[in-house]
Structure formats: C-alpha cells, structure tokens
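Observations on the model geometry
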Amino acid sequence: MRIKKIPVFWGCFLLWNLYILSSHAIYPGIKARITQQALNYGVEVGMKVLEQMIKEKNIPDITGSESLEFLKIDYVNYNFSNIKVNALSFPNTSLAFVPEVGLKVLTNHGTANISNHWEVKSPLFHDKGEADLYLSGVYFTGIILLTRNAYGHPVLKLQDCYAQVNHAHVSFVGGLSVLYNSFAEPMEKPILRNLNELLCPMITNEVEAFNVNLSALDVFIKIDNYTLLDCSLVSPPEVTEHYLDLNLKGVFYPLENLADPTFSPVPFVLPDQMDSMLYIGISEYFFRSASFAHFVAGAFGVTLSTKEISHHFVQNSRGFGNLLSRIAEIYILSQPFMLEFMATEPPAIYLEPDNFNLDIPASILMLTQTENSTVEPIVSMDFVASTSVGLAILGQKLICSLSLNRFRLSLPESNRSDIKVLRFENVLSSILHFGVLPLANTRLQQGFPLPNPYNISFVNSDIKVLKDFLLISTDLRQETSSKQQPSFHNWGGLNLANGPWRGTPTP
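Residues numbered from 1 in each chain as written. Predicted model: local features only at pLDDT ≥ 70, side-chain atom pairs only at ≥ 80, totals over all residues. Heavy atoms only, no water.

Notes on the state of the cysteines
Under the definition given, this model contains one disulfide. In this model, Cys-161 is linked to Cys-200 through a disulfide, with the two sulfur atoms separated by 2.1 Å. Of note, the bridge from Cys-161 to Cys-200 carries an S-S torsion of about -95° and is left-handed in sense. A residue pair is termed long-range when its members are at least 10 positions apart, and Cys-161 in strand E7 (residues 154–173) and Cys-200 in helix H4 (residues 184–216) qualify at 39 residues. For Cys-161, a relative accessible area of 24% puts it in the partly exposed group. (Disulfide = S-S within 2.5 Å. Helix = DSSP H or I, 4+ residues; strand = E, 2+ residues; numbered from the N terminus. Buried < 20%, exposed > 50% of the residue type's maximum accessible area, 1.4 Å probe, protein only.)

Topic: the pattern of salt bridges
Tallied over the full model, the rule gives four salt bridges. Lys-249 is the salt-bridge partner of Asp-260, the closest N and O atoms lying 3.5 Å from each other. Separated by eleven residues along the polypeptide, Asp-260 in the loop between strand E12 (251–254) and strand E13 (278–283) and Lys-249 in the loop between strand E11 (243–248) and E12 bring together distant segments of the chain. Overall, Lys-249 belongs to the buried group, its relative accessible area being 13%. For Glu-352, the salt bridge is made with Lys-467, and the minimal N-O distance between the two is 3.0 Å. With Glu-352 in strand E16 (residues 348–352) and Lys-467 in the loop between strand E21 (456–466) and strand E22 (469–478), this pair connects stretches of sequence that are 115 residues apart. (Salt bridge = Lys/Arg side-chain N within 4 Å of Asp/Glu carboxyl O.)

Quick word on the sheet that holds strand E1 (residues 30–35)
Reading across from one edge, E10-E11-E1-E13-E22-E21 is the order of the six strands in this open sheet, with antiparallel pairing throughout. Of all the strands in the sheet, the pair left with one neighbour each is strand E10 (238–239) and E21. Sheet topology places E21 next to E22; nine bridges connect them, and they run antiparallel. The residue bridging Val-459 from the neighbouring strand is Asp-475, located in E22. Sitting on the sheet, helix H2 (residues 36–56) is in contact with E1, E21 and E22, with an inclination near 75° to E1. Of the strands in this sheet, E1, E13 and E22 touch helix H5 (residues 284–296), which is tilted by about 50° from E13. (Pairing = 2+ DSSP bridges. Contact = heavy atoms within 4.5 Å. Axes fitted to C-alpha atoms, helices over the stretch in contact; angles between N-to-C directions.)

Points about the environment of Thr-63
Mapped onto the elements, Thr-63 comes out in strand E2 (residues 62–68). When the C-alpha positions of Thr-63 and Asn-194 are compared, they lie 8.5 Å apart, and in sequence the two are 131 residues distant. What Thr-63 contacts, discounting residues up to four positions off in sequence, is Tyr-78, Asn-79 and Asn-194.

Notes on H2
Given 3.6 residues per turn, any residue in an α-helix points the same way as the ones three and four places further on. Under the 1.5 Å per step criterion, the end-to-end length of H2 is 30 Å for 21 residues, consistent within 8% with the ideal 30 Å. Listed in full, the buried residues belonging to H2 are Ala-38, Leu-39, Tyr-41, Val-43, Val-45, Met-47 and Val-49. The inward-facing, buried residues of H2 abut E1, strand E4 (92–98), strand E5 (102–121), E21 and E22. (Expected span 1.5 Å × (residues − 1).)

Re the sheet that holds E12
Across the sheet, three strands lie side by side as E8-E9-E12; this open sheet has antiparallel pairing. The open sheet has two edge strands, strand E8 (220–222) and E12, and neither has a second partner. Ignoring which end each strand starts from, the neighbouring axes of this sheet average 30° apart. Sheet topology note: the strand E9 (residues 227–230)/E12 ladder contains four bridges and is antiparallel. Across the sheet, Leu-228 pairs through a bridge with Tyr-253, a residue of E12. Each of E9 and E12 is contacted by H5, which is oriented at about 5° to E12, the strand it contacts most.

These results come straight from atomic positions and should not be treated as a statement about function.
What follows is the structure, given as structure tokens:
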C-alpha cells in the first residue's frame, strides 16, 4: 500500500510546482510584433544609416611586411593609415528570421572606395604618399542572436560571422607611384588577406558597441509629473519564421514608488496578421496600471472656482447663465463658490471589441467663501462618471480623449425622485461635461510616447479595440526632413528619465 502512494505523492508535488510556476509567470503589458515587411524596410533605411556611420568611422591602420621575390627584395614593411571610406554600396542585402534564434544577415556584391596614406620601408628604399583602394565582391553573412540582460535591455550577439572581400585594386599617388603601380597587383594580395582577417573582429566590435548604447537607454520613461512607464523586456525576443515579438513590461509607477500594482497582467495573443510592418498590442493591464499609478500619485483631482467654471462654460457652452442661475436657485448663494472634484478610487478600465470605456468613481465637494475669507463646505456627494475613450496616433504618441456617457450621483433610490436632486445632478453633469473633461483632455493631449528610433514615424496607422487589449497596426517611414544625425542614443522625442530607476533589474 505504501509503494502505491509514492507515485501519487510525487504527482501531486509536480502539479503543485507547476501551479506555483504558472502563478509567478510574468506576462507583458505591451507586445510589439515586427514583420518581414519591417525587416525589408529596415534594410533600406539601415543601409543608409550604416553607410553614413562607416564613412565617419575611424578605421585602424593596416601594417605588415611582405617579400617581393620578383624584385629580389627580401621584405618591404608597409603601413596604410588615415583610412577613409568615401563611398560604398551593398545592393544585395537581406534580413530574415531564424526561428527561436534571431536574425540572419546576408549581403553580397558589395563595393567600396577607400582613400588612405601609405608608407613603405625596405633595406633599399623608403617612400610614402597616398593611395586609392577599390574593393569589390564584398560578402558577409552572420546570425544575430537576440536576448536581454538583467535590466530588461535587448542584447545582440553575433554568431557564425563570415566576411570576405574577393577583389581589391590599389592605385598609388605621390612618391614613386608610377613604379609602384606597375607592381601593385602583388601588393593587393596581402591587403586582401589582412582586410579579410580584420572584418569579422571589426563587425563583432561594432555589435558590442551597439550593445553598450542599448544598455545606456533608460527602460523607464517619464510620462508626466506623476508617473513613469516601465518598458523593459520581460523575456527574450520571440522569433518565428514570419515575425519577431518583443514582450515589454508596460506598467506605470508613481514617481516616488516603484512597487508593482496589486493586480497582475493576463496573457493576450496578437492576431495572426502580416499586412503591416509593425503591430503593437497594449493590454488592459497597461491602462489599469496607468489609472492606478496616477490615482496613487494624486493626479485625479481638480478644484474649480466660479471664475474658472464660467471660463470653461463660455468656451464650451452657451448655457452657462441659465446653469448658474439654477445653482443659485437651489442653494441661494450670494457669495463665490468652488467645486472640488476628486477620484475616490482608481478609474476602472474596460476594453471590449470596438469599445473603450472608463468609469470614474469620484466625489464632488461644493465650497463657499464667507465674508471673513474662510472656506466652508456646503455639500459633498459621491458620483460615478461613465466615459468613452477616443484614440488617435498623433506624431509619435497615442492620444486619448474622454467623452461623457452618463453621470449618476451615488444616492439611495428613494432620493432620486426628488426634483432638486435631479436638477442638481443635471447641473453637475453639465459642469463635468463642459468644465472638468476639457481640462482632463488637455492633460491627455500629452499622450503616451511610442518608440521612435532613428526618426522613424508611423504611417497608415490603424487602432482597434479588442477584448482586453488595444491593437495598433502601422507602417513605418523615415523622416528625411530632420537634420538630426543617426545616433544609437536617438529615440526621437521621448522624455527619457535619468535617475536611479535605471538600476533595477527586471525579474
């Protein structure tokens, strides 16, 4: 009997551990999917950026020694310095997904024009001058492994690098260049050999330098004076045959507190679409954390004076005079008053197909100022404002706007038939509609920043509200009007936070 119980025990133990592991799984708040179309466009734009970077790159000197047997010279020491790439072309370059690994890079039939200073020394002579070097048949292939570090930064590793230049032609200028050009062909062989030995180490060094720049990017973005957005990777990039997925944490924190919200993200799956270059899924968890963080930070509160209320009604409604007279009729106020709106709980987010709704539980406090300048409360009531959220992409930001669907005071049903209560509810609904929501929408115009590397903007964008997440599909276009030079540190207009937040490893 005891023997039979042992497998049952271990089976239960295994199931318990699987449960524990699943309960601690980290799901993303944002998913970004890069398709083959994006890779193809990336090659087009990336080659321009790469060519500009190579032209500005300081290439190390090439030195060596060769024997010139046909001239009966035992050795000639040579040095090529001040090497500058003046022109280059990679007409056949491609990027392709390698499932569960990364990206395969392939380029062939590349060419380059290079200028440099040269100097040669031998037992018989010493000379120097300038030279032009033309390279053709440039070939490179390699696998870029994609992973992440402990802080959620992406990390690239070059594997299976193979690079070769098949042909080189050198033309000397200055000194005894006429003589050297007559036997330049034998010198081209050591140039090719040295260059081919240097290519993969140079490319590997560039990848490592790129990683240094990636690790310098702040994964926390300061959204406003209240919150930060964590955009760190929660897992290594997922690569399939047709796309690459980046899973970002996508959670908001109050500026003074980086504790995770009390609720957890739930998994969501992007639809199997490949018509656009980029798909971004923004989960309900993202918006819930934004609501929670702003509530904790005290961002959901506004106080309006009589003058401010009048200003907003004049701008947004022609009925301010009648409304003010109704308020005066109900409360017989002869002195100035103020309305204080404050959220009592984090606004609730609901994402359903084609509907993005936000319910705001809040309180309203009406205050009046007496003749001796003291402020006294008149009445305080709780209410729930149900709003619809409109969405748009403006520049490089996701813009939200609120419109009021329903306003309801939190009162017992027996009191709702009171004519004064109904009139007061209508008045407050109008104030909320014409006074408070315009203020909120002004703040929301700041938007949520979307990554903008190398001045790439979104075009042909579309936004769909699906069950539990928002889907943005978009193509990409390089902004050629900007004078900003390519830089690994350039992430467009993002307000990247600088501070101690960068030093927190991602679980």
